[in-house]
Amino acid sequence: MFVILVYDTAAERNPNALRTCRKYLHWVQRSVFEGELSAAQYRALTASLRDQLDLTYDSIRIYRTRSPALIDTEWLGIPLGNQDSVL
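A quick note: this is a predicted structure, and the numbers were derived from the prediction, not measured.

Asker: Is there a simple way to think about the sheet that holds strand 2 (residues 26-29) in this case?
Answerer: To summarise the sheet geometry, strands pair through backbone hydrogen bonds and adopt either a parallel or an antiparallel arrangement. Within the open sheet, the four strands sit side by side as 2-3-1-4. Their pairing is antiparallel. The sheet is open, and its two edges are formed by strand 2 and strand 4 (59-65), each paired on a single side. Each neighbouring strand pair of the sheet contributes to a mean axis angle of 25°, computed without reference to strand direction. Here three bridges tie strand 2 to strand 3 (residues 32-36), and the two strands are oriented antiparallel to one another. When the sheet's bridge partners are listed, Gln-29 is paired in strand 3 with Val-32. Contacting strand 1 (2-8), strand 3 and strand 4, helix 2 (residues 39-52) runs over the sheet at an angle of about 170° to strand 4.

Asker: I tried to follow helix 2 on my own but got confused; where do I start?
Answerer: Residues spaced three or four apart along an α-helix point in a common direction, a consequence of the helix completing one turn every 3.6 residues. Compared with an ideal rise of 1.5 Å per residue, which puts 14 residues at 20 Å, helix 2 spans 20 Å between its outermost C-alpha atoms and is within 8% of the ideal. Here helix 2 has its buried residues at Tyr-42, Leu-45, Thr-46 and Leu-49. Down the axis of helix 2, the smallest arc covering the buried residues is 90°, so these residues share one side. Along helix 2, the residues that are exposed and aim more than 90 degrees away from the buried face are Arg-43 and Asp-51. Lining the buried residues of helix 2 we find strand 1, helix 1 (14-24) and strand 4.

Asker: Explain the packing of helix 1 against helix 2 to me, please; I cannot follow it from the model alone.
Answerer: Any two packed helices are characterised by how steeply their axes cross, that is the angle between the axes, and by the distance between the axes. At a closest axis distance of 10 Å, the pairing of helix 1 and helix 2 adopts a crossing angle of 175°. One finds that helix 1 runs roughly antiparallel with respect to helix 2. Where helix 1 approaches helix 2, its residues Asn-16, Ala-17, Thr-20, Cys-21 and Tyr-24 are matched on the opposing element by Gln-41, Ala-44, Leu-45, Ser-48, Leu-49 and Gln-52. Of the residues belonging to the contact of helix 1 with helix 2, the class tally is six nonpolar, five polar and no charged.

Asker: Even after reading the chapter, I still don't get the pairing of strand 3, so can you show me in this structure?
Answerer: Looking along a regular strand, one sees side chains alternate from face to face of the sheet. Residues Phe-33 and Gly-35 point to one face of strand 3 and are all buried, whereas Val-32, Glu-34 and Glu-36, pointing to the other face, are not buried. Pairing between strand 1 and strand 3: five bridges, direction antiparallel. Note on strand 3: the bridge partner recorded for Val-6 is Val-32. Hairpin connection, strand 2 to strand 3: the antiparallel pair is bridged by two residues, and Arg-30 has positive phi, about 30°.

Asker: What is the right way to read the environment of Ser-38 from this model?
Answerer: For Ser-38, the location among the structural elements is in the loop between strand 3 and helix 2. A relative accessible area of 35% means that Ser-38 is categorised as partly exposed. For the pair formed by Ser-38 and Phe-2, sequence separation is 36 residues and the distance between their alpha carbons is 8.8 Å.

About the thresholds
- Residues numbered from 1 in each chain as written.
- Predicted model: local features only at pLDDT ≥ 70, side-chain atom pairs only at ≥ 80, totals over all residues.
- Heavy atoms only, no water.
- Pairing = 2+ DSSP bridges.
- Helix = DSSP H or I, 4+ residues; strand = E, 2+ residues; numbered from the N terminus.
- Axes fitted to C-alpha atoms, helices over the stretch in contact; angles between N-to-C directions.
- Contact = heavy atoms within 4.5 Å.
- Expected span 1.5 Å × (residues − 1).
- Buried < 20%, exposed > 50% of the residue type's maximum accessible area, 1.4 Å probe, protein only.
- Arc of directions from axis to C-beta.
- Parallel < 35°, antiparallel > 145°, perpendicular 65-115°, else oblique.
- Nonpolar A, V, L, I, M, F, W, Y, C, P; charged D, E, K, R; others polar.

In short, the description is geometric, and any link to function would need to be established separately.
Here's what the structure looks like:
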């Protein structure tokens, strides 16, 4: 599945969310990530984020689709982030 993940966390939890998301997805813009995940990777990512964050305060939004080809993406301004493969 293709995933777009956006998070908004308290400043002290941002480094943890960033590290976890970068393990699985491409960083594309500040707190925005995208990439292909297997079902097992998706479960591992969401479980890890649940353990690290305060879900009564922090917010994570995840959009899932079968393919990035099904999403029209438009950039305004300079692209941020990294489009290289996740290691």
